[in-house]
2 protein chains.
Amino acid sequence: MANGRIREAINTLKASGVRITPQRHAILEYLIVNMSHPTADEIYKALESKFPNMSVATVYNNLRVFKRAGLVKELTYGDSSSRFDFATTDHYHIICEACGKIVDFTYPGLDEVETVAEHVTGFTVKNHRMEVYGTCPDCKNNTIKN
Amino acid sequence: MANGRIREAINTLKASGVRITPQRHAILEYLIVNMSHPTADEIYKALESKFPNMSVATVYNNLRVFKRAGLVKELTYGDSSSRFDFATTDHYHIICEACGKIVDFTYPGLDEVETVAEHVTGFTVKNHRMEVYGTCPDCKNNTIKN
DNA sequence: TATTAAATAATAATTTTTATAATCTGCTTG
DNA sequence: CAAGCAGATTATAAAAATTATTATTTAATA
């Protein structure tokens, strides 16, 4: 359940000397409970009622903190704004080019790519990112679409 | 050599009814000759001398045109601005998290990922994107770095 | 509970990208 | 090879996202 995840995440933060503020708790909770891939602004809007005077900068700052702690991944596409994904289990994303929908899927063992890349380039590899693009079932039906 | 590539790209554009303007020619040439991953602004600055009154909007517009024609791919990272890569042969990118350097490397056959994703999600897949993150040899040496 | 370093809020500023409208030009047709 | 038109470019302006700044507040520690 979500509570465990939240507690776990908070411990990770505490361990690296990050203070737990109500705002941080709320942002983490939002990410974990909703299991979505929100933009910073979506998070801000969602928490506006609980924190009437929270600042957008706070959302950005904390997402950056979470990202540095490895709790959150930033997803950037060609469009306007970044999206943020709570880094639970390893999974990849498939994105509909028509409507922008993001669906998670799992795929095992792309670690070999990292190994190969290390050998070929001399880099020390930390992680990788992979996304698949296409058209979702809904948009395939709605043929009357751009 | 680069000339062939440019001519080829221009034919692709003509075939899909896109006009060849001097600006478009120059942007294509820049992408192909430099084999880099420039931002729109870098392209703009590089061509400023040849086209003293070119507009940044032109660069953006044309990159979008090229992208739609499949000649160019947009690379977006967490940082500020998109980068654009002339789509030659299939290759992936490894990015240094310390200095931002982008190095190309080839890796065969990730088509299976697309197939799996199609089956699992019901999407129709068009293509995929994959990047590896780490530290480049230069930055590994310069330990005195953020 | 007092202290202090870190976090927040409230702007402001920057930066990237897109929209608009007037002017210009590549390309096709006659 | 000249004319005409659809599409392209310029020059702004506007929008949108993100970062910087600074005064105020607060979480965690002793």
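Parameters and conventions
- Residues numbered from 1 in each chain as written.
- Chains lettered and ligands numbered in written order.
- Predicted model: local features only at pLDDT ≥ 70, side-chain atom pairs only at ≥ 80, totals over all residues.
- Heavy atoms only, no water.
- Domains from an automatic or database assignment.
- Contact = heavy atoms within 4.5 Å.
- Buried area = accessible area lost by both parts, 1.4 Å probe.
- Salt bridge = Lys/Arg side-chain N within 4 Å of Asp/Glu carboxyl O.
- Helix = DSSP H or I, 4+ residues; strand = E, 2+ residues; numbered from the N terminus.
- Nonpolar A, V, L, I, M, F, W, Y, C, P; charged D, E, K, R; others polar.
- Buried < 20%, exposed > 50% of the residue type's maximum accessible area, 1.4 Å probe, protein only.
- Arc of directions from axis to C-beta.
- Least-squares fit on C-alpha atoms with pLDDT ≥ 70 in both.
- Near = heavy atom within 4 Å.
- Polar contact = N/O pair within 3.5 Å; in protein donor to acceptor, adjacent residues only side chain to side chain.

Side note on the domain arrangement of chain A
Residues and elements named next belong to chain A.
Part 1: Entries for chain A in the domain assignment read domain 1 (1-88) and domain 2 (89-146).
Part 2: Taken residue by residue, the interface counts nine residues in domain 1 and 10 residues in domain 2.
Part 3: Here domain 1 and domain 2 share an interface that buries about 790 Å² over both sides, 47% of which is from carbon and sulfur atoms.
Part 4: The largest contributions to the domain 1 side of the interface with domain 2 come from H37, Y77 and T88, which together make up 57% of the buried area.
Part 5: Seen at the junction of domain 1 and domain 2, the total is zero salt bridges.
Part 6: Broken down by secondary-structure element, the contributors of at least two residues to the side of domain 1 that touches domain 2 are β1 (72-75) and β2 (83-86).
Part 7: Its residues placed into classes, the side of domain 1 that touches domain 2 shows three nonpolar, three polar and three charged.

Remarks on helix α3 (residues 40-47) of chain B
Residues and elements named next belong to chain B.
Part 1: Buried within α3 we find A40, I43, Y44 and L47. Looking straight down α3, one finds its buried side chains confined to an arc of 100 degrees; they lie on one side.
Part 2: Structurally, α3 contributes buried residues whose contacts are with α2 (22-34), α4 (56-68) and β2 (83-86).

What about the relation of the copies chain A and chain B?
Between the two chain copies there is a screw-like relation: a rotation about an axis and a shift along it.
Part 1: With an RMSD of 0.2 Å, the fit of chain A onto chain B corresponds to turning through 179 degrees and sliding 0.1 Å along the axis. What the superposition gives is, in effect, a two-fold axis relating one chain to the other. Identified as the residue of chain A closest to the rotation axis by C-alpha distance is M130(A), at 2.1 Å.
Part 2: Comparing contact sets, 100% of the residues at the interface of chain A also lie at the interface in chain B, consistent with an isologous, same-surface contact.

Focus on the protein's contact with DNA strand C
Part 1: The local shell around DNA strand C holds 18 residues, among which R19(A), T21(A), N53(A), T58(A) and Y60(B) are the closest.
Part 2: In this structure, a phosphate oxygen belonging to DNA strand C sits 2.7 Å away from a side-chain N or O atom of T21(A).
Part 3: Of all elements in the fold, only α2 (22-34) and α4 (56-68) of chain A together with α4 of chain B reach the threshold of two or more residues within the surface near DNA strand C.
Part 4: A breakdown of the residues in the surface near DNA strand C according to their chemical character gives six nonpolar, nine polar and three charged.

Here we look at the protein's contact with DNA strand D
Part 1: For DNA strand D, the set of nearby residues contains 17 residues, the closest of which are Y60(A), R19(B), T21(B), Q23(B) and N53(B).
Part 2: Here DNA strand D approaches the protein such that, of its atoms within 4 Å, sugar and phosphate make up 78%.
Part 3: R19(B) is positioned such that a nitrogen or oxygen atom in its side chain is 2.7 Å from a base nitrogen of DNA strand D.
Part 4: Measuring from a phosphate oxygen of DNA strand D, one finds a backbone N or O atom of S55(B) at 3.1 Å.
Part 5: Those elements that provide at least two residues to the surface near DNA strand D are α4 of chain A together with α2 and α4 of chain B.
Part 6: Residues of the surface near DNA strand D, tallied by class, amount to five nonpolar, nine polar and three charged.

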